[in-house]
Amino acid sequence: MITDALRTEYEHRFSLYDTDGDGYLTAQDFTERARRMADAAGEPAESPKAQAVHAGMRNIFEQLAALTDVDAEGRLDREQFIAAFVRASESGDIGRMVWPSIAATVALADTDDDGVVNRAEFTALQRATGFSDAQAEQAFAALDRDGDGQLKVAEYRAAMRE
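Just so you know, these numbers come straight off a predicted model, no measurement behind them. (Residues numbered from 1 in each chain as written. Predicted model: local features only at pLDDT ≥ 70, side-chain atom pairs only at ≥ 80, totals over all residues. Heavy atoms only, no water.)

### A look at the packing of helix H6 (residues 119-128) against helix H7 (residues 133-143)
- Where H6 meets H7, the closest approach of the two axes is 9 Å, and the angle between their N-to-C directions is 135°. Considered as vectors, H6 and H7 are oriented oblique to each other. For the element pair H6 and H7, the recorded crossing hand is right-handed. Each of Arg119, Phe122, Thr123, Gln126 and Arg127 in H6 lies in contact with H7, whose residues at this interface are Asp133, Ala136, Glu137, Ala139, Phe140 and Leu143.
- Residues that form the contact of H6 with H7 fall into these classes: 5 nonpolar, 2 polar and 4 charged. (Axes fitted to C-alpha atoms, helices over the stretch in contact; angles between N-to-C directions. Helix = DSSP H or I, 4+ residues; strand = E, 2+ residues; numbered from the N terminus. Parallel < 35°, antiparallel > 145°, perpendicular 65-115°, else oblique. Left-handed = near helix turned anticlockwise from the far one by under 90°. Contact = heavy atoms within 4.5 Å. Nonpolar A, V, L, I, M, F, W, Y, C, P; charged D, E, K, R; others polar.)

Written out as structure tokens, the structure is:
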């Protein structure tokens, strides 16, 4: 069973991933999302950071497709997307699905390459990829478990496990 709050989160993520707004997710939507993220961070498409984001997004789509019956055009609708995330969470496979993308996003957001993401870096990338400032602030506060104003990979991993 999925909570209303988690369903709302998954619906929001679906909307962010549906880059062409057609109500379906395809591999191209995830490729476009990766491009937008790299562009927002000022990373050239061929950079290692941009390539890692692209690979992470591709992995999410491939894992989602494996958990659902994609249609003949290789598309997932909103309910298939939500059901796949619920299945991945219940089976414990959610980490395998999202961790490559999260790790790549952390590296992308870490514009000064100091190994942590500060509030400004986090908020800038979140804003550029479709989140409001309020949503970015709320997410940062939830992820910054030790309250030091910096997000570390361990904090992301802990949040993902939850």
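### Points about the side chain of Asn59
- Structurally, Asn59 is set in helix H3 (residues 48-67).
- Looking at Asn59, its side chain comes within polar contact range of the main-chain oxygen of Met97, at 3.0 Å.
- In this view, Asn59 contacts Arg96, Met97 and Pro100; residues no more than four positions away in its chain are not counted. (Polar contact = N/O pair within 3.5 Å; in protein donor to acceptor, adjacent residues only side chain to side chain.)

### Description of the packing of H3 against helix H5 (residues 94-109)
- Between H3 and H5, the least distance of the axes is 8 Å, while the angle of their chain directions is 160°. It follows that H3 is roughly antiparallel to H5 by the angle criterion. As for the relative orientation of H3 and H5, their crossing is left-handed in sense. When H3 is examined against H5, the residues Lys49, Ala52, Val53, Gly56, Met57, Asn59, Ile60, Gln63, Leu64 and Leu67 are found in contact with a partner set consisting of Arg96, Met97, Val98, Pro100, Ser101, Ala104, Thr105, Ala107 and Leu108.

### Considerations on the nonpolar core
- Counting 35 residues, the largest nonpolar core has Phe30, Met57, Leu64, Phe81 and Phe85 as its most contacted members.
- Going through the elements one at a time, helix H1 (4-17), helix H2 (27-41), H3, helix H4 (78-91), H5, H6 and H7 are the ones with two or more residues in this core.
- Per element, the largest residue contribution to this core is 8 residues, and it comes from H5.
- If we ignore the near neighbours within four places in the chain, the residues touching Phe30 are Tyr17, Leu25, Met57, Ile60, Phe61 and Leu64. (Core = buried A, V, L, I, M, F, W, Y, C linked by side-chain atoms within 4.5 Å. Buried < 20%, exposed > 50% of the residue type's maximum accessible area, 1.4 Å probe, protein only.)

### Some details on the environment of Asp22
- Tracing the backbone through its elements, the reader meets Asp22 in the loop between H1 and strand E1 (24-25).
- The exposure class assigned to Asp22 is partly exposed, which follows from its relative accessible area of 39%.
- The sequence separation of Asp22 and Ser47 amounts to 25 residues, and the corresponding C-alpha distance is 30 Å.
- Within the structure, the side chain of Asp22 is placed 2.9 Å from the backbone nitrogen of Tyr24, a separation counted as a polar contact.

### Examining the pattern of salt bridges
- Going through the model one piece at a time under the given rule, you end up with 15 salt bridges.
- Across the pair Glu32 and Arg36 runs a salt bridge, and its minimum N-O distance is 3.0 Å. Of the two residues, Glu32 and Arg36 are both situated in helix H2; the distance of 4 residues between them amounts to about one turn of the helix.
- Residue classification places Glu32 among the buried residues on the basis of a relative accessible area of 16%.
- One network of salt bridges, with partners in common, ties together Glu32, Arg35, Arg36 and Asp39. (Salt bridge = Lys/Arg side-chain N within 4 Å of Asp/Glu carboxyl O.)

### Observations regarding the packing of aromatic side chains
- Across all of its chains, the model carries 7 aromatic pairs by this definition.
- Arranged with centres 4.9 Å apart and planes meeting at 55°, the rings of Phe81 and Phe85 form a pair that is tilted. Of this pair, Phe81 and Phe85 both sit in helix H4, separated by 4 residues, roughly a single helical turn. Per residue, the accessibility class of Phe81 equals that of Phe85, and both read buried.
- Grouping aromatic residues by their ring pairs yields a cluster made of Tyr10, Phe14, Tyr17, Phe30, Phe61, Phe81 and Phe85.
- Across from the ring centre of Tyr24, 3.7 Å away, lies the NZ or CZ of Arg75, which sits over that ring. (Phe/Tyr/Trp six-rings, centres within 6.5 Å; stacked < 30°, edge-to-face > 60°. Lys NZ or Arg CZ within 6 Å of the ring centre and 35° of its normal.)

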